[in-house]
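Residue-level listing of the chains:
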Amino acid sequence: MSSFIERSTSSTKAQLAATAVVSGALVATAILGYQRVQQQQQQPSRRQRASSIAGLGSPAEASSSARQPSSHDNPAPLDQEDLRNQALARRAQAGDYDDELILEQLARNRVFLTDDGLGKLRNSFVVVVGCGGVGSHCTGALARSGVSKIRLVDFDQVTLSSLNRHAVATLADVGIPKVHCLQRRLAAVAPWVKFDVRLEKYWEPVADRLLETWMGTDQKPDFVVDAIDNIDTKVSLLKYCHDHGLPVISAMGAGCKSDPTRIMVGDIGMGTDDRLSRATRRRLKLLGITKGIPTVFSTEKTGDGKAELLPLPENEFAKGKVGDLGVLPEFRVRILPVLGTMPAVFGYTVANHVILSITGYPTDYATAKGRDKLYEGLLAAVQGGEERMLRHLTAGDASVTLGLKVPVTPGDMAFLVEDIYKARSAITGLPTRLTLVRWRKPVGTTLIRIGEGADEQKSSNLTLGDLVCMTKEEATRHDKLVLRGEQTHAEVYDPATIEKVETLLAEAAGYEKYR
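Residues numbered from 1 in each chain as written. Predicted model: local features only at pLDDT ≥ 70, side-chain atom pairs only at ≥ 80, totals over all residues. Heavy atoms only, no water.

(A) The overall build of the protein chain, seen in detail. Check the secondary structure of the protein chain and you find 19 helices and 12 strands. For the protein chain, the proportion of its 515 residues judged to be buried stands at 46%. Within the protein chain, contacts between residues at least 6 apart in sequence are counted, and of these 73% link residues at least 24 apart. For the protein chain, the computed accessible surface area is about 25,700 Å², with 54% contributed by carbon and sulfur atoms. (Helix = DSSP H or I, 4+ residues; strand = E, 2+ residues; numbered from the N terminus. Buried < 20%, exposed > 50% of the residue type's maximum accessible area, 1.4 Å probe, protein only. Contact = heavy atoms within 4.5 Å. Areas by Shrake-Rupley, 256 points an atom, 1.4 Å probe, with all protein chains shown as cover.)

(B) Up close: the nonpolar core. With 49 residues, the main nonpolar core has V126, L142, I150, L152, V225, V350 and V354 as its most contacted residues. The element contributing the most residues to this core is helix α14 (residues 341–359), with 7 residues. Setting aside chain neighbours within four positions, we find L152 in contact with V128, C131, T139, V179, L182, Q183, F195, D196, V197 and R198. Counting 39 residues, the second largest nonpolar core, distinct from the first, contains V406, L416, L436 and L505. (Core = buried A, V, L, I, M, F, W, Y, C linked by side-chain atoms within 4.5 Å.)

(C) Geometry of unusual backbone geometry. The backbone phi angle of K422 is positive, close to 55°, even though this residue is not glycine. Inspection of the secondary structure puts K422 in the loop between α16 (410–420) and β9 (434–438). The class of K422 is partly exposed, set by a relative accessible area of 47%. Positive phi, normally seen in glycine, also occurs at R433, with a value near 50°. Tracing the backbone shows R433 in the loop between α16 and β9.

(D) A look at helix α5 (residues 80–93). With 14 residues, α5 extends 20 Å from end C-alpha to end C-alpha; this agrees with the ideal 20 Å at 1.5 Å per step. All of the buried residues in α5 are D82, N85, Q86, A89 and A92. Considered in projection along α5, the buried side chains sweep an arc of 125° and stay on one side of the axis. Across from the buried face of α5, at angles greater than 90 degrees, the exposed residues are Q80 and R84. Looking at the buried positions of α5, the neighbouring elements they touch are α9 (178–186). At the C-terminal side of α5, G95 shows a positive phi close to 100°. (Expected span 1.5 Å × (residues − 1). Arc of directions from axis to C-beta.)

(E) Region of the structure containing the pattern of salt bridges. In the structure shown here, the tally under the stated rule is 24 salt bridges. Of the charged contacts in the structure, one is a salt bridge between K178 and D156, with a shortest N-O distance of 3.5 Å. With K178 in helix α9 and D156 in the loop between β2 (149–153) and α9, the pair connects residues that are 22 residues apart, well separated along the chain. Judged by relative accessible area, which is 9%, K178 ranks as buried. Residue D259 pairs with R262 through a salt bridge whose shortest N-O separation is 3.5 Å. Here the salt bridges do not stand alone but share partners, grouping R151, D196, R198 and E212 into one network. (Salt bridge = Lys/Arg side-chain N within 4 Å of Asp/Glu carboxyl O.)

(F) Geometry of the environment of V482. Relative to the elements of secondary structure, V482 occurs in helix α17 (residues 472–483). Residue V482 is classed as buried on the basis of its relative accessible area of 3%. Residues V482 and W439, spaced 43 residues apart in sequence, show a C-alpha to C-alpha distance of 8.4 Å.

(G) Seen up close, the pairing of strand β3 (residues 194–198). Judged by how many residues are buried, β3 sits mostly within the fold: 4 of 5 residues are covered. In this sheet, β3 lies alongside β2 in parallel orientation, the contact comprising 5 bridges. Within β3, the position partnered with K149 by the bridge is K194. For the crossover from β2 across α9 to β3, the handedness is right-handed. (Pairing = 2+ DSSP bridges. Right-handed = clockwise from strand over helix to strand, strands pointing away.)

(H) Molecular detail of the environment of R122. Tracing the chain through its elements places R122 in helix α7 (residues 107–122). A sequence separation of 23 residues divides R122 from S145, and the C-alpha atoms of the two residues are 8.6 Å apart. Every residue in contact with R122, bar those within four places of it in the chain, is listed here: D99, I102, L103, L106, G146 and S148.

(I) Layout of the sheet that holds strand β8 (residues 404–405). As summarised here, the arrangement of the 3 strands in space is β8-β11-β10, forming an open sheet in which the pairing is mixed. In the strand order of this sheet, the two ends are held by β8 and β10 (447–450), each with one partner. Where β10 and strand β11 (residues 457–460) come together, 4 bridges link them in antiparallel fashion. Looking at β11, one finds that R449 is bridged to K458.

(J) Expanded view of a nonpolar patch on the surface. On the surface, V111, F112 and Y361 cluster together into a nonpolar patch covering about 330 Å² of accessible area. Structurally, Y361 can be placed in the loop between α14 and α15 (372–393). With relative accessibility at 35%, the residue Y361 sits in the partly exposed group. (Patch = residues over 30% accessible without salt bridge, like charges linked within 9 Å, V, L, I, M, F, W, Y side chains within 5 Å.)

Written as structure tokens, this is what we have:
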């Protein structure tokens, strides 16, 4: 029996199994604790399910432990090498480290960026939100290049499947938080780098705290890196940075990509068929953001034989609402096909942009299309169309249109024309002289009145799902025959065109909740 135990203890498989058991317990504890906090704000059914799980602790305890981790609070035991690295890091960060050694390690960057540029980099503070494949490679490059203050934000743990793309994780790191893994491994590379680890999920209610100034100082982030793969939190982070004037760069989807020559840096306004990029761009436009955020994305197209995100099997849907299937509410429940090399290329491209931007090194990226005047012109056309429609409905009473407002913005125009109608007429596919016009004849009035006299406010009841993209000639004909005429859609258009337009209108209407 004793010899069997000895053989089992020395077996690699047994060691991995033991590691998996311990890691699984750590992961389960962290996830369940986090879920309890999140689920307090979810529907009653979730709260009822959560209350049946014993041993989760109070929401206050879970919140406190999740939101205020210590920079040195690593749940995994440290070996002798780790202990030496941590001790050296503490000395280096306290100033007990020869600056000449640091400059020697950064010598190649120093001659490339100049002393002034490297000085800016060494004094900089960067926040990396998302520490998976893209975020870990970005963080590693920033630390190796001279950034001295890095805040890491992520709630997830290292898994076995992380090892195909994570920059520094090893088998020994499976089950520990990704933020701790990065801090632990990079301390052996650049011990002078100070890390502020935040073991929690980024979301809007905690944005002020996660993007606050560096610890004990008034230094704001010199750059924020968005390496999030969840649409809601990605859009929330980018909107916050845009509104608060924080420089930010966003990494789009590396999943299902295989061609590194198609990866580029461009403004958020640039069109691409990447799903994550397209969805993020659409949501931001509806929030009034059409440009000004650099992104890293791939122009690679899908094709026969290439990896794709497959839909969930029907038996998974049978288990309940899709949002209830993940370990966290609204978290991804499908395995995204990822070639391990691509997140690294994305991460290094992001880091490259951050380094060049902070140091002031010149860049010459492709520029976004200057279409602001187009969107403003479209908005003016929609305003004019609503005024004409209202006069028609009131038998020519021009007074009702005085001060009329339309509840749409240039961002809405950009969203509709670029993302719904692909900058083409929905009727003929022509890409020139485009405008937006109501598709259906209004029933009753389009006027909404609030207040009286000098305080009266007049607006149109227009929604995104009312407007269709046509050429100006097609819109004039549509207005004459349908909107102010007596003909029906079926009398003016063929069935295929009507079906196409109705499908696009329904898609646009689905985005109303994000405005």
